[in-house]
Amino acid sequence: MFSAATVWDNIDKVRGSAPVVHSITNYVVMNSTANALLSAGASPIMAHAKEELEELIKISGALVLNIGTLSPEWIESMRMGASIAAANYKPVILDPVGAGASMLRTETARSLLEEGGISVVRGNASEIMALAGTGTSTRGVDSCHDSSEAEKSALALARKYRCVVAVSGCTDVVTDGEAVYTVRGGSEYMALVTGMGCIATAICGAHMAISEDSFAAAVSGMGCMAAAGGLAEVASNGPGTFAVQFIDALHKMTENDINRLVEVRVV
Amino acid sequence: MFSAATVWDNIDKVRGSAPVVHSITNYVVMNSTANALLSAGASPIMAHAKEELEELIKISGALVLNIGTLSPEWIESMRMGASIAAANYKPVILDPVGAGASMLRTETARSLLEEGGISVVRGNASEIMALAGTGTSTRGVDSCHDSSEAEKSALALARKYRCVVAVSGCTDVVTDGEAVYTVRGGSEYMALVTGMGCIATAICGAHMAISEDSFAAAVSGMGCMAAAGGLAEVASNGPGTFAVQFIDALHKMTENDINRLVEVRVV
Amino acid sequence: MFSAATVWDNIDKVRGSAPVVHSITNYVVMNSTANALLSAGASPIMAHAKEELEELIKISGALVLNIGTLSPEWIESMRMGASIAAANYKPVILDPVGAGASMLRTETARSLLEEGGISVVRGNASEIMALAGTGTSTRGVDSCHDSSEAEKSALALARKYRCVVAVSGCTDVVTDGEAVYTVRGGSEYMALVTGMGCIATAICGAHMAISEDSFAAAVSGMGCMAAAGGLAEVASNGPGTFAVQFIDALHKMTENDINRLVEVRVV
């Protein structure tokens, strides 16, 4: 059974062990994701050159794949990265940014899942629906659906690829295809800052790097985001100040903040 | 006749309809531009892969082309994007970053204009002068000239390519080759934050997505920038806090702020 | 003899002459580096296309090469950039991000140094050790070593390639292979913000653009960073607010701040 205590335990472990998290990610969020990882206590590496993937993944605790600004060369790097990570027993998390909005994105995400080695998928409801085959369209990458729909798609996707699926939204849903957890907290400003979903994926990656249990790591990563969002909101006057306060919150949050601001429930 | 009311009307429409704005833009400003669009109420897509341009442009309300960090592959994507947008009756705005500073930039911007489909060009005075053939040098991308010189170049360029031209500077100038408007407001800090011009272009793109009238959209987009700059300045202690407050301002500005902080005049 | 006065003199000259600084740098830090340069009074250009390097380097005062997100095409651009800069007597500074973490990075940095034309190398201790051949591993790019170890490696590297070497850390070390200076100041938050080292390199580049003396420029660039860090820390509540305040500090710092917050010593 996961709870707020699971969230705090993993946050604390990330701070204590500073795991290296390797990202092959999109241009839009490289800076904000690296800053979020640093504030959370992790050590980010951003690299995509095939010539160095093996060396860098070997010194990393987890690999983050994010398809937000794809091109054929980067898809090859992601494939190669997933394969190297699998061979070296490193956990991999996939962020299928914009899946459903273009065939390139949907098919790239699916082929990465089919080739194996991905432990966790973190997306929004439209992206997860598109990959699960339970929905057909994405309008940008910021959609918010109700959580029951998200839950069905997450379960379907988790069973199809035997992975953990985390759906962020007003209520986050995390499932391994059997148990389903909801994580509540956060802030409405999160939908108004670019890359908040990508940051969630990276933070889950940091938690995967310090935990054998990818399901727990996905729950605690989403819980960490919820707490940071709640903390940041009270210090913000708009999406600009929120984004800055969010980074501060990742660095400052305490066990008490998690208990106050995050609700983890089994469905 | 455009006025502060035009500015507010379009700001309000963007907030009400959340248009998707697709950008093929430069690496430097992808994050800040996406955040500006989100704060203004639009829904940004950043994508350059030729394999997905058609699908993404079809679900977008406008296309932004920005040549700030060019390479041959991205030029091809921009050409293809402009052509797809034209075929789908989507308005296109071009930001000729650094035109005049290198032949690659000047010629890429010109060839995009010559191939057609671009409704609005938004640049600074040196860039517009370089494209109009009325000036010969750019010193970086931050120059500020007097507005009469900007006006002549803008008129010449607008007539040459039958498009709307918006020149940002101490006083912004916007023309369709016939009427000329000036927009005043903003902040001196805007020249000290990278990508403020690129954000102006993206905001104009959002206004084009919700208006049939590209001339009105360019005026209102520049007016929106002027108001956000004025609002942000009073809450800032330097270019760093200004950039953050600017994003807040895009989200918070009211009709009253537009009336207080922006002056729109026909020349 | 360099001192706090050297730091202030060069800061003041950058503000007075607004040198153009051309960067071929990594995706993660393009935005923050451009903002740091603007706040410090310089004029940034970010461009990597081989077609335009010659024109842009000719109008620049210095060239910054940063290998943080390498790919074969970008390595070629960096080589070409270094060669054009040498032919045009423009100073070049290299940031060997992640040297030691992968062969690609170590070898790219070394081959750039061997091909000549690089006046200053700015890295952290692990990177400098890797290039000097005095260390074997890097854990990410955020390591902090003690300054005596950094000093030995810096001296070895400076002598090997007849360049100035600046090592950032708790105490910065700058040497031309003969004299050794330490620069103290800054903030512990600097290790928690991505690209602070890259910003240091860019600021040193701006100082090189306005000084004939690359050794003085490297000392003053590091001193400028130390002052901005010290100023920003007192206005911050975490790494997010620190990054914003740091940009403000670059713009606002006074001679008195340098004297209060920076200690420059010859070893």
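As recorded by an unreviewed UniProt entry, chain A carries the name Hydroxyethylthiazole kinase and is attributed to Halodesulfovibrio spirochaetisodalis. Per UniProt, chain A carries the Sequence similarities (unreviewed entry) text "Belongs to the Thz kinase family."

S.K.: Any chance you could break down the pairing of strand 4 (residues 92-95) of chain B for me, citing the residues and the numbers?
M.R.: Residue and element names in this part refer to chain B. Along strand 4, one buried face is formed by Val92 and Leu94 and the opposite face, lined by Ile93 and Asp95, is buried too. Direction of pairing for strand 3 (residues 62-66) relative to strand 4: parallel, over a ladder of four bridges. Residue pairing across strands places asparagine 66 opposite aspartate 95, the latter belonging to strand 4. Note that the unit made of strand 3, helix 4 (residues 72-87) and strand 4 has a crossover that is right-handed.

S.K.: Account for the relation of the copies chain B and chain C, naming residues and giving values.
M.R.: Laying chain B over chain C is done by rotating through 120 degrees and shifting 0.0 Å along the axis; what remains is an RMSD of 0.0 Å. The superposition operator between the copies reduces to a three-fold rotation axis. When C-alpha distances to the rotation axis are compared across chain B, the minimum falls at Tyr27(B), with a value of 3.8 Å. Comparing interface residues between copies, only 7% of those in chain B also sit at the interface in chain C, which points to a heterologous contact through distinct surfaces.

S.K.: Describe the interface of chain C and chain A, and please don't skip the residues or the numbers.
M.R.: In this complex, chain C contributes 29 residues to the contact, which on the side of chain A involves 30 residues. Taken together, both faces of the contact between chain C and chain A bury some 2200 Å²; the carbon and sulfur share is 59%. The partner of Glu52(A) in a salt bridge is Arg105(C), with the nearest N and O atoms 2.6 Å apart. For the pair chain C and chain A, the number of links is seven residue pairs in polar contact (both at pLDDT 80 or more). Going through the elements one at a time, helix 5 (103-115) and helix 10 (239-252) of chain C are the ones with two or more residues in the side of chain C that touches chain A.

S.K.: For the sheet that holds strand 7 (residues 171-175) of chain C, give the residues involved together with the corresponding values.
M.R.: All names here are of chain C. The nine strands lie next to each other as 2-1-3-4-5-6-7-8-9, forming an open sheet whose pairing is mixed. The strands lining the two open edges of the sheet, one partner per strand, are strand 2 (43-46) and strand 9 (263-266). With direction set aside, neighbouring strand axes in the sheet form an average angle of 20 degrees. Sheet analysis places strand 1 (residues 20-24) next to strand 3 (residues 62-66), joined by four bridges and oriented parallel. By the bridge assignment for strand 3, isoleucine 24 is matched with leucine 65. Set on the sheet, helix 7 (residues 147-161) makes contact with strand 5 (120-124), strand 6 (164-168), strand 7 and strand 8 (180-184); between it and strand 7 the angle comes to about 20 degrees.

S.K.: Break down the state of the cysteines for me, citing the residues and quoting the values.
M.R.: Residue and element names in this part refer to chain B. Within this structure, the stated rule accounts for zero disulfides over all chains. Free cysteine: cysteine 163, not disulfide-bonded; nearest cysteine sulfur from cysteine 204 at 13 Å. The exposure class of cysteine 163 is buried, given its relative accessible area of 3%.

S.K.: With reference to specific residues and values, describe the UniProt feature "binding site: substrate" (unreviewed entry) in chain A.
M.R.: In the numbering adopted here, UniProt assigns the feature "binding site: substrate" (unreviewed entry) to Met46(A) and Gly195(A). On the secondary structure map, Met46(A) appears in strand 2 (residues 43-46). Judged by relative accessible area, which is 8%, Met46(A) ranks as buried. Excluding anything up to four places from it in sequence, Met46(A) contacts Ser23(A), Thr25(A), Met30(A), Thr33(A), Ala34(A), Val28(C), Gly68(C), Thr69(C) and Arg105(C). Checked against the element boundaries, Gly195(A) lands in the loop between strand 8 (180-184) and helix 8 (196-209). Judged by its relative accessible area of 12%, Gly195(A) is buried.

S.K.: A description of the pattern of salt bridges should follow, citing residues and the corresponding values.
M.R.: Per the counting criterion, the structure on display carries 21 salt bridges over all chains. Lys50(B) is the salt-bridge partner of Glu76(B), the closest N and O atoms lying 2.6 Å from each other. Note that Glu76(B) is positioned in helix 4 and Lys50(B) in helix 3 (residues 50-58), a separation of 26 residues in sequence. Note that Arg260(C) and Asp257(C) form a salt bridge whose closest N and O atoms lie 2.7 Å from each other. Within this pair, Arg260(C) and its partner Asp257(C) are both found in helix 11 (residues 255-261), separated by three residues, close to a single helical turn. Judged by its relative accessible area of 51%, Arg260(C) falls in the exposed class.

S.K.: I'd like a rundown of the interface of chain B and chain C, residues and numbers included.
M.R.: Facing 29 residues of chain B, the contacting portion of chain C comprises 30 residues. Buried surface at the junction of chain B and chain C, summed over both partners, amounts to about 2200 Å²; 59% is from carbon and sulfur atoms. Our enumeration of links across chain B and chain C arrives at one salt bridge. Connecting chain B to chain C are seven residue pairs in polar contact (both at pLDDT 80 or more).

S.K.: Give me the lowdown on the sheet that holds strand 6 (residues 164-168) of chain A, citing residues and values where you can.
M.R.: By definition, the strands of a sheet pair up through backbone hydrogen bonds, in either a parallel or an antiparallel sense. All names here are of chain A. Here nine strands make up an open sheet; going across it, the order is 2-1-3-4-5-6-7-8-9 and the pairing mixed. Two strands close off the open sheet at either side, each with one partner strand: strand 2 and strand 9 (263-266). For this sheet the average axis-to-axis angle between neighbouring strands, irrespective of direction, equals 20 degrees. Note: strand 5 (residues 120-124) against strand 6, five bridges, orientation parallel. Opposite asparagine 124, over in strand 6, you have serine 168 as the bridge partner. Helix 4 (residues 72-87) rests against strand 1 (20-24), strand 3 (62-66) and strand 4 (92-95) of the sheet, and its axis sits at about 155 degrees to strand 3.

Each value, and the rule that gives it
- Numbers given for residues are sequential positions, taken from 1 along each chain in its written order.
- Here every chain gets a letter starting at A, and every ligand a number starting at 1, in the order they are written.
- Side-chain atom pairs in this predicted model are given and counted only at pLDDT of 80 or more, local residue features only at pLDDT of at least 70, and totals for whole chains, interfaces and linings cover all residues.
- Just so you know, side-chain values use all the structure's heavy atoms and leave hydrogens and water out.
- UniProt positions are given in the numbering used here, feature names are shortened, and annotations may be inferred rather than shown by experiment.
- Only protein chains enter the accessibility calculation, which uses a 1.4 Å probe; a residue whose area is less than 20% of its type maximum is buried, one above 50% is exposed, and one in between is partly exposed.
- Each helix is a run of DSSP H or I of at least 4 residues and each strand a run of E of at least 2, with the numbering of both proceeding from the N terminus.
- Only strands joined by at least two bridges in the DSSP assignment are considered to pair.
- Orienting the strands away from the viewer, one traces the path from the first strand over the helix to the second; a clockwise path indicates a right-handed crossover.
- To superpose the copies, least squares is applied to the C-alpha atoms of every residue with a pLDDT of at least 70 in both.
- Contact between two residues is taken to exist if any of their heavy atoms lie within 4.5 Å; hydrogens are not considered.
- Buried area counts how much accessible surface, traced with a 1.4 Å probe, disappears from two parts once they are put together, with both parts' losses summed.
- What makes a salt bridge here is a side-chain nitrogen of Lys or Arg within 4 Å of a carboxyl oxygen of Asp or Glu, nothing more.
- Two N or O atoms count as a polar contact when they lie within 3.5 Å, although within protein this holds only if one can serve as hydrogen donor and the other as acceptor, and sequence-adjacent residues are included solely when both atoms are side-chain atoms.
- Think of each axis as a best-fit line through the C-alpha atoms, taken over the contacting stretch in the case of a helix, with angles from 0 to 180 degrees between the N-to-C directions.
- Disulfides are defined in this document as cysteine sulfur pairs within 2.5 Å.

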